[in-house]
Each structure stands twice: as structure tokens, then as C-alpha cells.
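Each chain, written out:
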Amino acid sequence: MNFEKLKKQFTNWLVKFVAKSNPAFSNMPVCPYALQAYQDNKIKFEHVESRLYGTLIEYIDNWDDNYDIVVMFVDEIYLPKALPTIINTANRYLMPADLVALEDHPDIPEVINNVKVNFGKSTVVFLQRLSKINEASQHLKDNTEYYKHWSKENLDYTVNWRFKD
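Predicted model only: the values in this text are computed from it and were never measured.

Quick look at the environment of Thr 11
The residue Thr 11 is located in helix α1 (residues 3-18) in this model. Sequence separation of Thr 11 and Leu 155 is 144 residues, and the distance between their C-alpha atoms is 25 Å. Dropping the residues within four chain positions of it, Thr 11 is found in contact with Tyr 38 and Phe 45.

This is the structure in C-alpha cells:
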């Protein structure tokens, strides 16, 4: 893996796709908070060569609130069924510590209102404060039409599960 190349591709994707308004999201950006986090240097990029689960769990005692999100480019090749299992298992320990991991696998398309939102160049795991992402999601739900075009399946898979005990 060429970490610097992936980081450049990711930031290009973030600026040119994720931060652009999109009709599928009621003409809001795919992620309304991503560009600001990037501009404020609140994104930590990490290259994870191995031990993804262990790396995630280590953040329970080592989270740095100077960042809003950790973007992990993962070297290990995980089958599409294995990665969500690892992330779900890690989240059992992360979520009580106010952290949550979200996966993006190139072979697991995430499509919202007919728009594919995956990065697609590598396996990526996003780690952030659960309370902050839930607060942001609740703000979008209460104050915008961001989720207006989302299916129940999309909402359950991406958002609703994070609010359950």
C-alpha cells in the first residue's frame, strides 16, 4: 500500500465528491461535516498494516480529542463478510467507551438513493466519537431534509443502529 498516494486520493474524493452538494442528500453534501474537519486538520490518517481489531481497541484508552475522526487505510485483505464482523465485534467494546467504527470495503457497495458513496480504492475504517456522530446525525434529522430520500434500510444500516443500547 502506498499510504501517501491513498491519502491524496482520499482527500481528493472528500473534496470533489463527499463535500459537494448532492440531490440524493437534499442538495447537501454526502457528509456535511467532512470538509470542515479536513480544513481544520481534525482528520487523523493512519496506515494499519495488520491487527485491525487490536488497533481499534487500543483507541479506547488512547483517543485524542484533537481529532474528530481517524481514517484508517487497512493493508490486510478482508473478505467482504469478514470486515463487518470485525467492526461489529470491536464496536461492542468501542461504543461503551463513546467510540464507533464504520467500515468501507471496496467490494461492499454502499448506495444511498442510487448514489454509490464508497471510497472504493482500499479498505477504510473510520473511527470517531459516538456521541459526536450521533449528535450530528440528530441535528441533520431535526433541522434539515438530509435524510429525506434515504430508505429505511439505509437509515438502519448507517444511522439508527448507533442509537440503540
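Read on for the rest.
Describing the nonpolar core
Membership of the largest hydrophobic core comes to 18 residues, with the highest contact counts inside it found for Leu 52, Leu 56, Met 72, Val 125 and Leu 127. Looking at this core, the elements that each hand over two or more residues are α3 (52-62), β4 (69-74), α4 (82-94), β5 (99-104) and β8 (123-129). Sorting elements by how many residues they give to this core places α4 first, with five residues. Discounting residues that sit within four places of it in the chain, Leu 52 has contacts with Met 72, Val 74, Glu 76, Tyr 78, Leu 83, Ile 86, Ile 87 and Val 125. Among the nonpolar cores identified, the runner-up in size contains 16 residues, and Val 18, Phe 45, Ile 69 and Val 71 belong to it.

Examining the side chain of Thr 11
Overall, Thr 11 belongs to the buried group, its relative accessible area being 12%. Looking at Thr 11, its side chain comes within polar contact range of the main-chain oxygen of Lys 8, at 3.0 Å.

Comments concerning the pairing of strand β3 (residues 43-48)
Taken together, the six bridges between β3 and β4 define a ladder with parallel strand orientation. Among the inter-strand pairings, Ile 43 is bridged to a residue of β4, identified as Ile 69. In this fold, β3 hands off to α3, which returns the chain to β4; that crossover is right-handed.

Points about the pattern of salt bridges
Side chains carrying opposite charge are able to pair once their charged atoms draw close together. Counted by the stated rule, this structure contains six salt bridges. Across the pair Arg 51 and Glu 58 runs a salt bridge whose closest N-O atoms are separated by 2.9 Å. Under the relative-accessibility criterion, Arg 51 is labelled partly exposed at 49%. The shortest N-O distance in the salt bridge between Arg 129 and Asp 98 comes to 4.0 Å. On the criterion of sequence distance, the pair formed by Arg 129 in strand β8 and Asp 98 in the loop between α4 and β5 is long-range, its members being 31 residues apart. We classify Arg 129 as buried; its relative accessible area is 17%. Relative accessible area serves as the criterion here: at 24%, Asp 98 is assigned to the partly exposed category. A single salt-bridge network, built from bridges that share partners, covers Asp 65, Asp 98 and Arg 129.

Let's talk about the sheet that holds β3
Pairing is mixed across the open sheet formed by four strands, whose spatial order is β3-β4-β8-β5. Edge strands, defined here as strands with exactly one partner in the open sheet, are β3 and β5. Neighbour-to-neighbour, the strand axes of this sheet turn through a mean angle of 20°, independent of strand direction. Looking at chain direction, β4 and β8 are connected through six bridges and run antiparallel. Its bridge partner being in β8, Met 72 is matched across the sheet by Val 125. α1 rests against β3, β4 and β8 of the sheet, and its axis sits at about 140° to β3.

Cut-offs used in this document
- Residues numbered from 1 in each chain as written.
- Predicted model: local features only at pLDDT ≥ 70, side-chain atom pairs only at ≥ 80, totals over all residues.
- Heavy atoms only, no water.
- Helix = DSSP H or I, 4+ residues; strand = E, 2+ residues; numbered from the N terminus.
- Contact = heavy atoms within 4.5 Å.
- Core = buried A, V, L, I, M, F, W, Y, C linked by side-chain atoms within 4.5 Å.
- Buried < 20%, exposed > 50% of the residue type's maximum accessible area, 1.4 Å probe, protein only.
- Polar contact = N/O pair within 3.5 Å; in protein donor to acceptor, adjacent residues only side chain to side chain.
- Pairing = 2+ DSSP bridges.
- Right-handed = clockwise from strand over helix to strand, strands pointing away.
- Salt bridge = Lys/Arg side-chain N within 4 Å of Asp/Glu carboxyl O.
- Axes fitted to C-alpha atoms, helices over the stretch in contact; angles between N-to-C directions.

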